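# Residue-level structural notes
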Amino acid sequence: MKTTYREAVRAALRDALETDPRVFLMGEDVGRYGGAYAVSHGLLEEFGPERVRDAPLSESTFVGAGIGAALGGMRPVVEVMTVNFSLLALDQIVNNAATLHHMSGGQLSVPLVIRMATGAGRQLAAQHSHSLECWYAHIPGIRVLAPATLEDARGMLPSALRLPDPVVIFEHASLYGMEGDLADDAGAVELDRAAVRREGRDLTCITYGGSLGKVLAAAAELAREDISAEVLDLRSLRPLDVATLVASVRRTRRALVVDEGWKTGGLAGEVSAVLMEQAFYDLDAPVARLCTAELPIPYAKQLEDAALPRVETIVAAARALLPAR
Amino acid sequence: MTELVEQFRMPSLGADMQAGRLVQWLKAPGDRLRRGDIIAEVDTDKGAIEIEVFTDGVLSEILVPEGERVPVGTALALIRREPAEGEAPPTPAAEAPSAAAPRQRVSPLARRLAAERGVDLARVKGTGPGGSISAADVEAAAGTAEDPAVRMRRAIGAAMARSKREIPHYYVSTAIDMGPAVEWLSERNRDRGPAERLLLGAVQLKAVALALREFPELNSWWVEGAAVAKPAIHVGMAIAMRQGGLVAPAVHDTDRRDLDELMRMVRDLVDRARRGALRSSELSDGTITVTSLGERGVDAVTGVIYPPQVALVGFGRVAQRPWVVDGRITPRPIVTATLSADHRASDGHRGGLFLARVEQLLQEPGKL
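Residues numbered from 1 in each chain as written. Chains lettered and ligands numbered in written order. Predicted model: local features only at pLDDT ≥ 70, side-chain atom pairs only at ≥ 80, totals over all residues. Heavy atoms only, no water.

### Some remarks on the packing of helix α5 (residues 200–212) of chain B against helix α8 (residues 348–362) of chain B
All names here are of chain B. Basically, it comes down to this: Whenever a helix is involved, its axis is fitted only over the stretch in contact; in every case the axis is a line through C-alpha atoms, and angles between N-to-C directions fall within 0 to 180 degrees. Only runs of H or I of at least four residues qualify as helices and only runs of E of at least two qualify as strands under DSSP, and these elements are numbered from the N terminus. Our angle categories are set so that under 35 degrees counts as roughly parallel, over 145 as roughly antiparallel, 65 to 115 as roughly perpendicular, and the remainder as oblique. It is the rotation of the near helix from the far one that decides the hand of a crossing: anticlockwise by less than a right angle makes it left-handed, clockwise makes it right-handed. In this description, contact between two residues means that some pair of their heavy atoms is separated by no more than 4.5 Å. Under this grouping Gly is polar, as are all residues other than the nonpolar Ala, Val, Leu, Ile, Met, Phe, Trp, Tyr, Cys and Pro and the charged Asp, Glu, Lys and Arg.
The geometry of α5 relative to α8 is characterised by a closest axis approach of 9 Å and an angle of 130° between their N-to-C directions. When the axes of α5 and α8 are compared, the pair comes out oblique. The crossing of α5 and α8 is right-handed. For the pair formed by α5 and α8, the contact residues are Val203, Gln204, Ala207, Val208, Leu210, Ala211 and Leu212 on the first element and Phe354, Arg357, Val358, Leu361 and Leu362 on the second. Considering only residue class, the contact of α5 with α8 consists of ten nonpolar, one polar and one charged.

As structure tokens, this is what we get:
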């Protein structure tokens, strides 16, 4: 079946609303407007205002309401328009959703799913373009997912809804229009394992979310130079699938982490440190990181492009890990 | 062009000196130096010593401040030599070479491979990122000497040279009456075929392993300047290879095996060693080595310790000797056991007690 990433997420939402009466959607513009990225388009008409609820422009309020509903036995799916705006709800997510199970001695659980868009590349400037996944990946008590393929866009949400704890799902905004084939019976996927998206023997390129496509394109280019790059999609940013990471790097002996977040204090640094701890004696070159330039994402097209990891910079970073030819 | 700036290094003032503390500089930058001048005072384990220069020149830069303790060989100062007639003028200070030569970069994997294959990294040319030595460079260097016998000689050479260079060996020997063990074995083996027979080697191995339980300082590795007692006893057994060379694979948990099990493990190890089918853990886990050259007819083996181990036990042949038992000279089967031990980790007193314990254990072979 030909579909888009946006339609795959919508299919997952519709399926959840149909099969579980506890599920409802809530967020800014999810109802009448159909979602800022048109993900929930048509769902209000299909399921009515009880189950597809437009929220006021107050992230702290509607994320908090989602936490309350989850505590009360519902399975809310809360959409925050972008990760940039989610900082207004950090207190609810970090201090309440992530901690209540622990602080109640296991009496309470918060089966809440929060979806948010992330990432740059569409000239939406610094208010809308940052990649703050690592802020959430830092927090024990929540699970952080980054679907980068149609299968994961379709399948991570139902699996997340089955978990008793809060899950944050990051959808890179540049992926919504991505087209491709999805099996008619596509459904829930497992959430724990990183996925090898391309096999290779000379280096492992580790990435996630919106950077996966660029890294795969770079790997194809490297193949023309006879450099065989393995591409690993993290999928889960918390917890990290360390075993798969380490096993891949033990084979290829070199690692490049491509992360649209900033380098300082970021996820790429975490992945890199894990490899130092667990694969040091198998490394044949220093672990390399390719991240977004350390500045607020610029609006101007050419400056925005220059700030982000690109196919040619990924190719160059990979080449630098290999012997000079 | 002749190099005109020399590094003045912390001298070694005795073979055991590893570092010294710079107490006082007696010359200042700009001072003219004559060969034989006292340039500084250094405090060593053996007291304060004045150190002299061996070059005529000018002290151009002091690199180590007073009060600092540095290893032998560290550059302490730069001395600009006086140009002899016809030599170029002194290099301007700005172009003076940095005190520390840049370290050759070696990837962790390349370093590990080089150690495993006995490749001398100083001879390897780096082609990895930034000129670093990568695994492929080590493999290429190892490949140039593909003959495994040559490679094995090189690895043995590297380990043994390091041992004799770094380990202060001491040796103690004891002649042990093997009568009880020989009698017990012949009884035990009476109804067994050749393949099931227990050999004296297994009995000696077990006695060494059991004795080690009481001497953790001999069942240790020397790591970064300190002896680290190993929690388990894995006795490495030296096995001569048919094409020359030897390996010493570990018999894991030697002290916890009964003699029949030990004998099976020894036979299996010898067989696999000769087929080249040893496991890496067997090659790296040994906590002490036992070598027995009795079958070659030698009386005693004074062995070289296999680093990072700190001890080795050598057994010679079991031979009938005139022995005094209860005031009478009697022929007895005697073996000489020799302990080679690392004096950094243990002393002869404990080494002697260890051998005495081995002897005692061998007097009651039924309890092994």
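### Some remarks on the sheet that holds strand β1 (residues 5–9) of chain B
Residue and element names in this part refer to chain B. The cut-off we apply is this: We call two strands paired when DSSP finds no fewer than two bridges between them.
The four strands lie next to each other as β1-β8-β6-β3, forming an open sheet whose pairing is antiparallel. The two strands at the open ends of the sheet, each matched to only one other strand, are β1 and β3 (32–33). In this sheet, strand β8 (residues 75–81) lies alongside β1 in antiparallel orientation, the contact comprising five bridges. Bridging across to β8, Glu6 finds its partner in Ile79.

### Re the side chain of A:Ser211
Examined against the element boundaries, A:Ser211 turns out to sit in the loop between β10 (203–207) and α10 (212–224). Residues contacting A:Ser211, with those up to four places away along its chain left out, are A:Val258 and A:Glu260.

### A closer look at the interface of chain A and chain B
Selection rule: Defined here as a combined quantity, buried area equals the accessible surface (1.4 Å probe) lost by two parts on assembly, summed across both. Note on definitions: salt bridges are taken to be side-chain nitrogens of Lys or Arg within 4 Å of carboxyl oxygens of Asp or Glu.
Each side of the interface is counted separately: chain A has twelve residues, and chain B has 13 residues. Summing both sides of the interface, chain A and chain B together bury roughly 880 Å²; the carbon and sulfur share of this comes to 55%. The largest share of the area that chain A buries against chain B comes from A:Arg253, A:Tyr281 and A:Asp284, three residues that together contribute 50% of it. Across the chain A-chain B interface, the total number found is two salt bridges.

### What about unusual backbone geometry?
A cis amide bond, omega 0°, links A:Arg238 with the succeeding residue A:Pro239. Relative to the elements of secondary structure, A:Pro239 occurs in the loop between β12 (236–238) and α11 (242–252). The amide bond that connects B:Pro307 to the next residue, B:Pro308, takes the cis arrangement and shows omega of 5°. Mapped onto the secondary structure, B:Pro308 falls in the loop between β16 (288–292) and β17 (311–315). Positive phi outside glycine occurs at A:Asp29, with the angle close to 65°.

### Things to note about a nonpolar patch on the surface
All names here are of chain A. For the record, the criterion: A patch consists of residues exposed above 30% relative accessible area that lack any salt bridge, with like charges linked at up to 9 Å and nonpolar side chains (Val, Leu, Ile, Met, Phe, Trp, Tyr) linked at up to 5 Å. Each accessible area is a Shrake-Rupley result for a 1.4 Å probe, and residues are judged covered by the shown protein chains and nothing else. Three labels apply to residues, based on accessible area from a 1.4 Å probe with only protein chains included: buried if under 20% of the type maximum, exposed if over 50%, partly exposed otherwise in between.
Where nonpolar side chains cluster on the molecular surface, the patch consists of Met276, Phe280 and Tyr281 and spans about 300 Å² of accessible area. Locating Tyr281 in the fold gives a position in the loop between α12 (267–279) and β14 (288–292). According to the relative accessible area criterion, Tyr281 is exposed, its value standing at 54%.

### Remarks on the side chain of A:Glu260
Residue and element names in this part refer to chain A. What counts is decided by this rule: Just so you know, the count uses Lys and Arg for positive and Asp and Glu for negative, and it drops His and the chain ends. Here a polar contact is recorded for every N or O atom pair within 3.5 Å, except that within protein the pair must consist of a potential hydrogen donor and a potential acceptor, and residues adjacent in sequence are included only if both atoms are side-chain atoms.
Within the element layout of this structure, Glu260 appears in strand β13 (residues 255–262). It is Lys214 that comes nearest to the buried, bridge-free Glu260 among opposite-charge side chains, at 4.4 Å. Within the local environment of Glu260, its side chain forms a polar contact with the backbone nitrogen of Ala120, the two atoms lying 2.7 Å apart. A distance of 2.8 Å separates polar atoms of two side chains, one belonging to Glu260 and the other to His172. Residue contacts for Glu260: discarding those within four places in its chain leaves Gly119, Ala120, Ser131, His172, Ser211, Lys214, Thr292, Leu308 and Pro309.

### Brief notes about the sheet that holds β13(A)
All names here are of chain A. Taken in spatial order, the five strands of this open sheet run β9-β11-β10-β13-β14, and their pairing is mixed. Taken across any chain shown, the strands that pair with only one partner, and hence form the sheet edges, are β9 (195–198) and β14. Taking the axes of each pair of neighbouring strands and ignoring which way they run, one obtains an average angle of 25° across the sheet. Summarising the sheet, β10 and strand β11 (residues 229–233) pair through five bridges and their orientation is parallel. Bridge pairing in β11 links Leu203 to Ala229. Together, β10, β13 and β14 form the strand contacts of helix α14 (residues 311–320), whose direction differs from that of β13 by roughly 145°.

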